[in-house]
Amino acid sequence: MPYNRRRKVTHKAISLRLRLFLVILPPLLVVSVLLGLWRYEVAQQTSEELFDRSLLAAALAISRDITISDGDALSPSTRNFISDAGGGEIFYHVTGPGGYYVTGYAYPPRAAEVPVRDEPSYYVADYRGEEMRVLRMVESRTIDNLSGDTIVTVWQRASDRQTFARELALRAFSLVAGLMAALALVIWFGVQIGLRPLNDLQEAIQQRSPDDLGRIRRPVPEEVAGVVSTLNRLLGQMRDSIEAHQAFISDAAHQLRNPTAALLALAETLPDVRDETERNARQNELIAAARASARLTDQLLQLERLRYGNTGPVTRFDLNQIVKEVCEAMVPAALTRDLDFTLDRFDGPLIMDGDPVLIGEALTNLVENALRHGGDGMTQITVRTKRTENMIVVMVEDDGIGIPLDQADTAFRRFSQLRNGEGTGLGLAFVQQVVSRHNARVRLVEVGKGTLVRLDLPTAVEDPA
């Protein structure tokens, strides 16, 4: 294959709506789980408190009935309370003074410690293979003319308490789950409503024609204002780029029209010329016009490539060598004019990073500009190179007509000429583009006679050891 095709890895981006949903909902789920665990702990504590109060109420009711009935029996209301209270079965055992059995179930669960008198004592014990919550209460009573300690023991299955706690927790979990489901729906559709201005903006942009690069003036939320501002700046840059491109095409067509017309006129008259000497002169004129047209076209293409960044790779090179090659190539043109052409080079290499072809073309343009516009009275052209602390300086000086400093902007403008001549008006504009691409600077320096153009180019950055 003539080239290697790079594999394109595409990642499907999720929608902004789903992204916001996934960002908002997981923290809420974590909070809801923590809230559910807290509610479960609270449900267990609530269940313990309620069941302990039920045991205490049952113990007090039994103690009252034993006292009133002198140990005979429990009242029907107390029996009903014991059977219905607390959501589970309550067992009881009562002993009177002297430890004799009064009423209730036999063999109550025993405590590891002796209970405190006149204060209810709670503990957990095993009763017939089941875990029980036990309340034991010791009080001084007189039953059948016997005075002493009356011990009332009531107990209840711990599983009944756990079942009640699970029911409370399940209710809390159900409530939290319902709230989360409702909240998820609110977030899902709320985000959709919140993103409606973005959808409206998208529709408005889609309805624009390709030629409409005006600013977006639609009111948008504050969070999207930065995106719209960036888009407006991009549209403005595109509009400026298109306008500059159209202006370039118009200027190029205008500049190429005259050389093309001259070529056509010379070509049309050439067949009618019979004299050999005149024919040779016309042919030379045709060749010169063709070269000028080719030169203009080449400069136009170079300018356009520079404007769009289509330059060669950045390399490290010796600028002194480039200057030498340029001057050697321009010597014949200077000799035909009988000019004193001097190269004064820095003693040592001048290393810089950039495109040596573009730099060489820019230096060629400077020398050609001096040759074309220096005038008949020009006698010398001097090219110098030197180095400052962190810059490389190239100067091209002539003693010709000169360019006034107050007209420097005009001289560096594309297709502009200070005087009528054979130039294209692109030489100095090209130099300006090249030095800008290399983070350098070009300027005119005041001299007594002629023109001095100075280039300040950055030296190469030293590689770290």
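Above this note sits the structure.
Residues numbered from 1 in each chain as written. Predicted model: local features only at pLDDT ≥ 70, side-chain atom pairs only at ≥ 80, totals over all residues. Heavy atoms only, no water.

Visitor: Explanation requested: the overall build of the chain in the structure shown.
Guide: Per the secondary structure count, the chain includes 10 helices and 12 strands. Here the chain holds 465 residues, and 36% of them are scored as buried. Across the chain, contacts joining residues at least 24 apart in sequence account for 63% of those joining residues at least 6 apart. (Helix = DSSP H or I, 4+ residues; strand = E, 2+ residues; numbered from the N terminus. Buried < 20%, exposed > 50% of the residue type's maximum accessible area, 1.4 Å probe, protein only. Contact = heavy atoms within 4.5 Å.)

Visitor: Got a minute to help me understand the side chain of N320 in this structure?
Guide: With respect to the helices, strands and loops of the structure, N320 is situated in helix 7 (residues 319-336). Setting aside anything within four residues of it in sequence, one finds N320 in contact with R345, F346, G348, L350 and T385.

Visitor: What should I look at first to understand the pattern of salt bridges in this one?
Guide: Side-chain pairs of opposite charge can arise whenever the charged atoms involved come near each other. Tallied over the entire structure, the rule returns eight salt bridges. With a shortest N-O distance of 3.3 Å, E130 and R157 are connected by a salt bridge. Residue E130 is found in strand 4 (residues 130-143), and its partner R157 is found in strand 5 (residues 146-157); the two are separated by 27 residues along the sequence. Given a relative accessible area of 21%, R157 falls into the partly exposed group. (Salt bridge = Lys/Arg side-chain N within 4 Å of Asp/Glu carboxyl O.)

Visitor: Got a minute to help me understand helix 3 (residues 158-194) in this structure?
Guide: Two residues of an α-helix separated by three or four positions point the same way, owing to the 3.6 residues in each turn. For helix 3, with 37 residues, the first-to-last C-alpha span of 52 Å sits near the 54 Å given by 1.5 Å per residue. Every buried residue belonging to helix 3 is among A158, D160, R161, A165, A169, A172, V176, M180, A184, I187 and V191, and all of these are buried. (Expected span 1.5 Å × (residues − 1).)

Visitor: Explain the environment of A106 to me, please; I cannot follow it from the model alone.
Guide: Residue placement: A106 occurs in the loop between strand 2 (101-104) and strand 3 (121-127). Under the relative-accessibility criterion, A106 is labelled partly exposed at 39%. Distance from A106 to Y92, taken between C-alpha atoms, is 8.7 Å for residues 14 residues apart in sequence.

Visitor: Is there a simple way to explain helix 7 in this structure?
Guide: Over its 18 residues, helix 7 runs 27 Å from end to end, which matches the ideal 26 Å to within 8%, given 1.5 Å per residue. D338 occupies a position one or two residues after helix 7 and carries a positive phi of about 60°.

Visitor: What am I meant to see in the packing of aromatic side chains here?
Guide: Any aromatic ring pair is given by two values, namely how distant the centres are and how the planes are angled relative to each other. This model, assessed by the stated rule, comprises seven aromatic pairs. Residues F91 and Y105 carry aromatic rings whose centres are separated by 5.2 Å and whose planes lie at 75° to one another, so their mutual orientation is edge-to-face. Here Y105 lies in the loop between strand 2 and strand 3 and F91 lies in strand 1 (residues 90-95), a separation of 14 residues in the sequence. A residue is classified by how much of its surface remains accessible, and F91, at 7% relative accessible area, is buried. (Phe/Tyr/Trp six-rings, centres within 6.5 Å; stacked < 30°, edge-to-face > 60°.)

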